[in-house]
Amino acid sequence: MPNAGIEEAFRSGELLLNQVPSAQEGLAESGTPVAVTVLVGLFVISAILLLKRFLNILPLLADSIFRARGSASLEGSVRNLHDRNLIAGVMLIPLVLITYRYRLYDAAFLRDLSDNLRLLSIAGVLVAWLILRLLLYLWMKPRRRYDFYQLSQRSGYTFFILLMLLVLITVGILMLTGCEDATIRWAVYAEMGLSYLVFLFRRAQILSLSCNPVRTFLYLCGLEILPTAALVVSAVIL
């Protein structure tokens, strides 16, 4: 019977298409993680509310790059100091999102996690790193004449804000031009590295206002190089 032959042909046919979706297809099907959506919304709302304050202190932030005492001018106003610290805290949100999106911190223990859990883990690593920096700052804090010591610590907030502003602009431009993730990742690495070197130089200048060269070097090693090295090593070993 003809129909029986046709049915038998279809039964014995072999499916050649891959039944397992590729990584890109799986990512497309999973959609945007809930945690990402929440953080993006939170950052957009915060940015809108703080835009006027940011524009008001932007000249003071820029002055901190070109002058060691520029940070002191910013610290002179309680309102500006509060706005700067608040904006620095908000800028932690895009840092976590960009680190997650472009795998800036890509330790092995993160790779098997779900998207939401990986994002939360990155935020946890960042919090742990900030706590480490705080503990080192409190441990090495001198008993007297610590004004410039404190000023050098707070100057990091200023440089962090300007760095994230630069990174956000760079990522936005590169995304619009269709650059690959690897290109964007290395561009961000380059900006972070250059900004970090400028910050180290400026912090050394601030510390040198009250410390001798040897003590300044020891402070930089304990307060900056040690926690940064710990972060890099954790990404390689863990």
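Just above sits the structure.
This is a predicted model, so every value here is computed, not measured.

We now examine the overall build of the protein chain. Each helix and strand in the protein chain was counted, giving ten helices and zero strands. Reading the secondary structure of the protein chain in the N-to-C direction produces α-α-α-α-α-α-α-α-α-α. In the protein chain, the proportion of contacts linking residues at least 24 apart, taken out of those at least 6 apart, comes to 74%. Taken as a whole, the protein chain presents about 14800 Å² of accessible surface, with 68% of it coming from carbon and sulfur.

Our focus in this paragraph is a nonpolar patch on the surface. Residues Phe109, Val232, Val233, Val236, Ile237 and Leu238 make up a contiguous nonpolar surface patch of roughly 580 Å² in combined accessible area. Mapping Val232 onto the fold places it in helix H10 (residues 213-237).

It is worth spelling out the side chain of Thr158 at this point. Among the secondary structure elements, Thr158 is positioned in helix H8 (residues 147-176). For Thr158, a relative accessible area of 1% gives the class buried. Polar contacts involving the side chain of Thr158 include one to the side chain of Arg84, which spans 2.8 Å. Once residues within four sequence positions are removed from consideration, Thr158 is found in contact with Leu61, Ser64, Leu74 and Arg84.

So, on to the nonpolar core. Generally speaking, a soluble globular protein has its nonpolar side chains buried in company with each other. Leu61, Ile87, Ile98, Leu119 and Val171 are the most contacted members of the largest nonpolar core, which totals 37 residues. At eight residues, H8 tops the list of elements feeding residues into this core. Other than its neighbours up to four places away in sequence, Leu61 contacts Phe54, Leu74, Arg84, Thr158, Ile161 and Leu162. If you look at the next biggest cluster of nonpolar residues, it comprises eleven residues, including Met140, Tyr149, Ala204 and Leu207.

With that out of the way, let us pick up H10. Across its 25 residues, H10 extends 33 Å between first and last C-alpha, which sits within 8% of the 36 Å expected from 1.5 Å per residue. Taken as a whole, H10 carries its principal kink of about 35° at Cys221. Within H10, the full set of buried residues consists of Thr216, Tyr219, Leu220, Gly222, Leu223, Glu224, Pro227 and Ser234. Next to the buried residues of H10 lie helix H7 (115-140), H8 and helix H9 (181-208). By the N-cap criterion, in which a side-chain oxygen at the helix start approaches the backbone nitrogen of a residue two or three places on, H10 is capped by Asn212, the distance to Val214 being 3.2 Å.

Reading the values: rules and limits
- Residues numbered from 1 in each chain as written.
- Predicted model: local features only at pLDDT ≥ 70, side-chain atom pairs only at ≥ 80, totals over all residues.
- Heavy atoms only, no water.
- Helix = DSSP H or I, 4+ residues; strand = E, 2+ residues; numbered from the N terminus.
- Contact = heavy atoms within 4.5 Å.
- Areas by Shrake-Rupley, 256 points an atom, 1.4 Å probe, with all protein chains shown as cover.
- Patch = residues over 30% accessible without salt bridge, like charges linked within 9 Å, V, L, I, M, F, W, Y side chains within 5 Å.
- Salt bridge = Lys/Arg side-chain N within 4 Å of Asp/Glu carboxyl O.
- Buried < 20%, exposed > 50% of the residue type's maximum accessible area, 1.4 Å probe, protein only.
- Polar contact = N/O pair within 3.5 Å; in protein donor to acceptor, adjacent residues only side chain to side chain.
- Core = buried A, V, L, I, M, F, W, Y, C linked by side-chain atoms within 4.5 Å.
- Expected span 1.5 Å × (residues − 1).
- Bend = angle between axes of the 7 residues up to and from the residue.

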